[in-house]
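Here is what each chain is made of, one letter per residue.
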Amino acid sequence: MKMRRKILLPLLAAGVLLSGCSRQEQEAAVYDESSIAMGTVVTERVYTQGEDPTADVLGTLSQIEREYLSWREEDSAVGKINLRAGKGRISADGQTIGYLLDPLKLAKKSGGAFDPTMGKLTRLWDVEAEDPKIPSQEEISRLLEESGYEKIHLGAEEDRGWVELEEGASIDLGAVGKGIGCDEAVAFLKKDPQVKGAVIAVGGSVLTLGAKPDGTPWKVAIRDPRGGQEELLGVLELEGERYVSTSGDYEKYFIQDGKRYHHILDPATGYPADAGLISVTVLGENGALSDGLSTACFVLGLEKGAELLKEYGAEGIFVDKDKKVYVTEGIREKFSLEASGYVVFPFPS
Ligand code: ADP
Ligand code: MG
């Protein structure tokens, strides 16, 4: 008798779950969209019982880029702050202050490995130019002198604030922009209770939200840092609301005399970061943090990067030049390695 009840209960539970699934499957439609926003490819898959939200998500991303984050737009919040460098305080709305606070905190916590003032150096290197060149040490030193996160000063008052940039400094949120995009996409989708699940990739920053109608986990692919566009290092299986950002030396780079010059700069030297890692994936509590941490850890390298992740309670997958793949305990079971030539190791503790 006792045994029968034990068997029956799980079956009942499974029955409820299954009928719940099929009902959702009938009602939730799937919408797929792939387009360009925030200077990168945005891929969306949304399951919803309501209208297709994918165009509005794209619109939100473009608006945030244009009105707040872009250093190219003189009229964006960041553009206006940069124009005022060396000329005193400029007032800023709560949203702008919100976008700046966490990156500044990360800059301090990472000892400056993450630095939201690397824009001028990034443009000097211009690794995506048709005929890229290694800049002179003199130019690098001059721009390094002008940059530095400690040259950004800000004050927050209720829902407004002010920002002051020292002469020569300029803000570049390139390393957190796509993560901020993920945060904004989630905020938008959460407003609609008919949205049941979504997976959205803004370049190398991916968010998962809710669930698929069939109840199987989301699959987030991580690129093989030494493979072609379509080749995978492995797959992460995730459930619910998660943020996954990857930074690597394979995204934007040029090779000269056998050496790779890529787009993630070490603020200590002004040269492309060279701490032994080739790809860093981070799962943090929101998109901006995951994106910022992936850049910071890339610059810091395995040991110091691991310490920073721990401080933030984040998970990660670090790949070094020897094709060793270090995976944090919390996601070890969720990650399956697919590329050959790589070996998984436990994360340094
Ligand atoms: P991606 O933009 O390709 O996703 P990242 O998130 O790692 O890559 O950000 C790299 C961008 O951030 C660079 O293109 C540059 O604009 C800026 N950047 C470069 N080095 C740093 C750094 N050490 N800290 C903060 N931002 C950086
Ligand atoms: Mg980043």
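Residues numbered from 1 in each chain as written. Chains lettered and ligands numbered in written order. Predicted model: local features only at pLDDT ≥ 70, side-chain atom pairs only at ≥ 80, totals over all residues. Heavy atoms only, no water.

Enquirer: Hey, could you run me through the overall build of the protein chain in this one?
Expert: A tally of helices and strands in the protein chain yields nine helices and 17 strands. For 349 residues, the compact-globule formula gives about 20 Å, and the C-alpha radius of gyration of the protein chain, at 22 Å, lands near that figure. Counting only C-alpha atoms, the protein chain reaches 80 × 45 × 40 Å along its principal axes. Taken across its 349 residues, the protein chain has 48% of its residues classed as buried. Taking as baseline every contact in the protein chain between residues at least 6 positions apart, the subset at least 24 positions apart corresponds to 59%. Accessible surface for the protein chain amounts to roughly 17,600 Å². Of this, 49% is attributable to carbon and sulfur atoms. For the protein chain, the distance from the average site of its 40 positive side-chain charges to the average site of its 58 negative ones is 6 Å. (Helix = DSSP H or I, 4+ residues; strand = E, 2+ residues; numbered from the N terminus. Rg over C-alpha atoms; globule rule 2.2 N^0.38 Å. Buried < 20%, exposed > 50% of the residue type's maximum accessible area, 1.4 Å probe, protein only. Contact = heavy atoms within 4.5 Å. Areas by Shrake-Rupley, 256 points an atom, 1.4 Å probe, with all protein chains shown as cover. Lys, Arg positive; Asp, Glu negative; His and termini not counted. Charge placed at Lys NZ, Arg CZ, Asp CG, Glu CD.)

Enquirer: What's the story with the site of ligand 1 in this structure? I'm lost.
Expert: Taken together, 18 residues sit near ligand 1, with D172, K178, S247, H263 and L265 positioned nearest. The separation between a nitrogen atom of ligand 1 and a polar main-chain atom of D115 is 2.9 Å. Between ligand 1 and the protein, one listed contact pairs a nitrogen atom with a backbone N or O atom of L265 at 2.8 Å. Calculation on ligand 1 without its partners gives an accessible area of 570 Å², and the protein chains cover 95% of this total. Per element, the largest residue contribution to the shell around ligand 1 is three residues, and it comes from helix α8 (residues 287-300). Residue composition of the shell around ligand 1, by class: eight nonpolar, five polar and five charged. (Near = heavy atom within 4 Å. Polar contact = N/O pair within 3.5 Å; in protein donor to acceptor, adjacent residues only side chain to side chain. Nonpolar A, V, L, I, M, F, W, Y, C, P; charged D, E, K, R; others polar.)

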